[in-house]
Amino acid sequence: QVQLVESGGGLVQPGGSLRLSCVASGSIFSISTMGWYRQVPGKQRDLVASITRGGRPNYGDSVKGRFTISRDTAKNTVYLQMNSLKPEDTAVYYCNLVPHVTTYWGQGTQVTVSS
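What counts and what doesn't
Residues numbered from 1 in each chain as written. Predicted model: local features only at pLDDT ≥ 70, side-chain atom pairs only at ≥ 80, totals over all residues. Heavy atoms only, no water. Pairing = 2+ DSSP bridges. Helix = DSSP H or I, 4+ residues; strand = E, 2+ residues; numbered from the N terminus. Axes fitted to C-alpha atoms, helices over the stretch in contact; angles between N-to-C directions. Polar contact = N/O pair within 3.5 Å; in protein donor to acceptor, adjacent residues only side chain to side chain. Buried < 20%, exposed > 50% of the residue type's maximum accessible area, 1.4 Å probe, protein only. Salt bridge = Lys/Arg side-chain N within 4 Å of Asp/Glu carboxyl O.

## Considering the sheet that holds strand S8 (residues 77–82)
Sheet architecture is open: 4 strands sit in the order S1-S3-S8-S7, paired in antiparallel fashion. Only two strands of the sheet have a single partner each, and these edge strands are strand S1 (4–7) and strand S7 (67–72). Adjacent strand axes in the sheet meet at a mean angle of 15° when their direction is disregarded. Here 6 bridges tie strand S3 (residues 18–24) to S8, and the two strands are oriented antiparallel to one another. The residue bridging arginine 19 from the neighbouring strand is glutamine 81, located in S8.

So, in structure tokens, the structure goes:
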């Protein structure tokens, strides 16, 4: 049984920072590419950053240079450091494998960027 639990969201002013965490249970973490996705109401869930099992990151154009994805295999945890946040970054953020597995979606964590 795989479970992904996200945390670290909150309300932050434009230009601020947040660090999201995703803890994975099960044995899939160390062998999988992991990603952070985000979704706003009425829109599809989009991949914003991913990291291979070897630690190679990849970013969507909208977050490149502002977000940093990392992973700690010993802790089965993937992180998303978000800097220079913008109102358009407001969304529910989820982690999952890349490509995603539908049954692995967790509750997500809400990020709101507003003054």
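## What about the side chain of threonine 109?
Tracing the chain through its elements places threonine 109 in strand S10 (residues 109–113). Within polar-contact distance, the side chain of threonine 109 engages the backbone nitrogen of glycine 9 at 2.9 Å.

## Focus: the pairing of S10
Residues Thr109, Val111 and Val113 of S10 are buried on one face, while the alternating residues Gln110 and Thr112, pointing to the opposite face, are not. Both strand S2 (residues 10–12) and S10 contribute to a ladder of 3 bridges, which runs parallel. Bridging across to S10, valine 12 finds its partner in valine 113.

## Side note on the sheet that holds strand S9 (residues 91–97)
Sheet architecture is open: 6 strands sit in the order S2-S10-S9-S4-S5-S6, paired in mixed fashion. Every interior strand has two partners, whereas the edge strands, S2 and strand S6 (57–59), have only one. With strand direction ignored, the average angle separating the axes of adjacent strands in the sheet is 25°.

## Some details on the pattern of salt bridges
One pass over the full model with this rule turns up 3 salt bridges. Close ionic contact of arginine 38 with aspartate 89 constitutes a salt bridge, the shortest N to O distance being 2.9 Å. Placement of the pair is arginine 38 in strand S4 (residues 34–39) and aspartate 89 in the loop between S8 and S9, with a sequence separation of 51 residues. On the basis of relative accessible area, arginine 38 is assigned to the buried category, the value being 14%.

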